[in-house]
Structures are given as structure tokens and as C-alpha cells.
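Residues per chain are reported as follows:
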Amino acid sequence: MNLLQKKILEDGVIKSGDVLKVDSFLNHQIDVPFISELGKEFKKIFATSRVNKILTVEASGIGIACLTAIHFGVPVVFAKKSQGSQMDPHVYATSVKSFTHNKTNTVVVAKQYLNAGDRVLIIDDFLANGCATEGLIDLAKQAGATVEGVGIAIEKGFQGGGDRLRSHGVRVESLAIIDKMDAATGKIQFRD
Ligand code: 5GP
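What you are looking at is a predicted structure, and each value in this text was computed from that prediction instead of being measured.

A.B. asks: Got a sec to walk through the pattern of salt bridges? Specific residues and values, please.
C.D. replies: Summed over the entire model, instances satisfying the criterion amount to 13 salt bridges. The shortest N-O distance in the salt bridge between Arg119 and Glu148 comes to 2.9 Å. One end of the pair, Arg119, is in strand 7 (residues 119–127); the other, Glu148, is in strand 8 (residues 146–156), with 29 residues separating them in the sequence. In this structure Arg119 comes out as partly exposed when scored by relative accessible area, which is 25%. Taking relative accessible area as the criterion, Glu148 reaches 16% and is therefore assigned buried. Asp163 serves as the salt-bridge partner of Arg166, at 2.9 Å between the closest nitrogen and oxygen. A residue pair is termed a helical-turn pair when its members lie 3 or 4 positions apart in one helix, as Arg166 and Asp163 do in helix 6 (residues 161–167) at three residues. On the basis of relative accessible area, Arg166 is assigned to the partly exposed category, the value being 26%. On the basis of relative accessibility, which here comes to 35%, the residue Asp163 falls in the partly exposed class.

A.B. asks: So, the sheet that holds strand 6 (residues 104–110): which residues are in play, and what are the values?
C.D. replies: Strands belonging to one sheet form pairs held by backbone hydrogen bonds; the direction of such a pair is parallel or antiparallel. Read from one edge to the other, the open sheet built from eight strands follows the order 5-6-4-3-7-8-9-10, with strand pairing classed as mixed. In the strand order of this sheet, the two ends are held by strand 5 (91–97) and strand 10 (188–190), each with one partner. Ignoring strand direction, the axes of neighbouring strands in this sheet form an average angle of 30°. The strands that helix 3 (residues 32–45) touches are strand 7, strand 8 and strand 9 (172–181); relative to strand 9, the one it contacts most, it runs at about 120°. Together, strand 3 (53–57), strand 4 (76–82), strand 5, strand 6, strand 7 and strand 8 form the strand contacts of helix 5 (residues 131–143), whose direction differs from that of strand 5 by roughly 160°.

A.B. asks: Give me the site of the ligand: which residues, what numbers.
C.D. replies: Inspection of the region around the ligand gives 17 residues, with Leu20, Ala128, Asn129, Gly130 and Lys156 positioned closest. Asp124 has a polar side-chain atom sitting 2.8 Å from an oxygen atom of the ligand. At 3.1 Å, a backbone N or O of Cys131 approaches an oxygen atom of the ligand. Protein chains bury 91% of the 500 Å² of accessible surface belonging to the ligand in isolation. Comparing atom positions with the cavity grids shows the ligand to sit within the largest pocket. Only strand 2 (19–21), strand 7 and helix 5 provide two or more residues apiece to the shell around the ligand. Sort the elements by how many residues they give to the shell around the ligand and strand 7 lands first, with four residues.

Thresholds applied
- Residues numbered from 1 in each chain as written.
- Predicted model: local features only at pLDDT ≥ 70, side-chain atom pairs only at ≥ 80, totals over all residues.
- Heavy atoms only, no water.
- Salt bridge = Lys/Arg side-chain N within 4 Å of Asp/Glu carboxyl O.
- Helix = DSSP H or I, 4+ residues; strand = E, 2+ residues; numbered from the N terminus.
- Buried < 20%, exposed > 50% of the residue type's maximum accessible area, 1.4 Å probe, protein only.
- Pairing = 2+ DSSP bridges.
- Axes fitted to C-alpha atoms, helices over the stretch in contact; angles between N-to-C directions.
- Contact = heavy atoms within 4.5 Å.
- Near = heavy atom within 4 Å.
- Polar contact = N/O pair within 3.5 Å; in protein donor to acceptor, adjacent residues only side chain to side chain.
- Areas by Shrake-Rupley, 256 points an atom, 1.4 Å probe, with all protein chains shown as cover.
- 1 Å grid on protein atoms, 1.4 Å probe; cavity = no way out; pocket = protein on both sides within 12 Å on 5 of 7 lines; lining within 4 Å.
- Sits in = over half its atoms within 2 Å of the grid points.

Dropping the structure here:
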């Protein structure tokens with residue numbers, strides 16, 4: 001069992017609707033040394049990739065993206081939720097269905113921060129159905145950037161987004177993959 005799996009078992013709280021709360025170390029309070037270790041792990045996994053930018057989406061991806069970027073020595077760009085029109089000529093825009101809030105947001109990145117020739121590593125806290133990651137891949141594509149891979153802290157494997165992306169040839173590396181979780185019993189089963 002790796003350190004993240006252990007932490008999930010100790011501190012994770014399973015909510016209804018297949019939501020796992022990890023507010024004590026990732027999504028509300030941030031255990032900076034611990035999350036930085038996860039960032040170090042991503043650096044090891046993607047050691048041979050020539051990443052020059054980390055891409056994530058606000059808000060919950062920003063912390064882990066920054067604590068990963070420090071190990072790569074590269075900047076973080078985060079897609080912003082936009083109230084405005086998708087027609088702004090200065091931004092790349094895409095739609096992302098929010099898993100936790102069950103609504104669709106337009107997220108945007110200013111064109112000046114994502115360019116053709118960029119080699120992007122997408123980082124996020126969770127992967128469920130894969131909509132957030134797909135949106136970020138779409139933004140990178142619009143910019144002509146290359147997606148070197150996707151680093152996820154906690155993938156809920158039973159929701160299928162990660163495996164769908166892998167089947168499309170995307171390199172998705174998750175530090176913990178949950179194959180089953182049960183709100184009634186509190187039991188969590190990880191993929192080996
Ligand atoms: P997806 O787009 O893959 O369906 O969901 C991923 C996004 O939804 C992540 O950026 C994350 O913020 C949020 N998310 C999905 N499932 C969970 C969960 O079980 N717990 C928490 N805290 N966030 C989740």
C-alpha cells in the first residue's frame with residue numbers, strides 16, 4: 001500500500017453520490033509536505049517527458065499542480081471558470097461538466113499562456129468521469145500544445161474516465177486508483 005492509499009483509508013470520508021472527501025489533506029486543508037511528495041512522485045513518473053508547463057483547472061487542482069510544478073521547475077497554468085462568452089478572441093474555451101456540482105462550466109485559458117510547442121502535463125486532484133481532463137486536453141489541442149501525460153492523485157476507477165482516456169492513447173498516471181467504495185460500510189478497495 002502506498003502512502004496516498006494509506007492516507008485515504010485514514011482520512012477519507014465517503015459521501016453519497018460516489019464522492020470521496022479528502023478535505024483534511026487535499027481539498028480544504030492542504031498538507032503541503034505530503035502533497036509535495038505526490039508532486040515528487042509525478043516528477044519520477046514523467047522523468048523522461050520534456051514538460052515545460054503544468055495545466056490544471058480551478059479551483060481544487062491548483063494546490064497539487066503548484067506542488068508538482070516546483071519539482072519540474074515549470075509554471076502552472078490553470079483554466080478559469082468563465083462567466084463570459086466563449087467568443088472572446090483572446091482565450092481558448094471549452095465546456096466541462098462538473099462532477100461535484102452537476103453543472104456545465106465554460107473554462108478558459110488566455111491564449112498568451114498556452115502555445116504551440118508547449119509540452120503540457122495535466123495535473124488534477126481527482127479523476128472520475130474524465131470531463132475535466134478531457135476539457136484540459138481540448139484546450140491544449142486548440143493551442144497546438146502537446147499533452148505529455150496526465151497525473152492524477154486519486155482516480156475513481158469505477159467511474160471509467162481514466163480507462164477511457166487510456167484507451168484513446170492518453171498516458172494517465174494515477175497515484176491511487178479506487179476500484180470500489182461503499183458509503184454504507186466505509187470500505188475502499190484499491191486497484192493493484
Ligand atoms: P471528472 O471531470 O473526471 O468527472 O471529475 C473530476 C473533477 O471533479 C476533479 O477536478 C475534482 O475536482 C472533482 N471530483 C470528482 N470526483 C470527486 C470526489 O470524489 N471528491 C472530490 N473532492 N472531488 C471530486
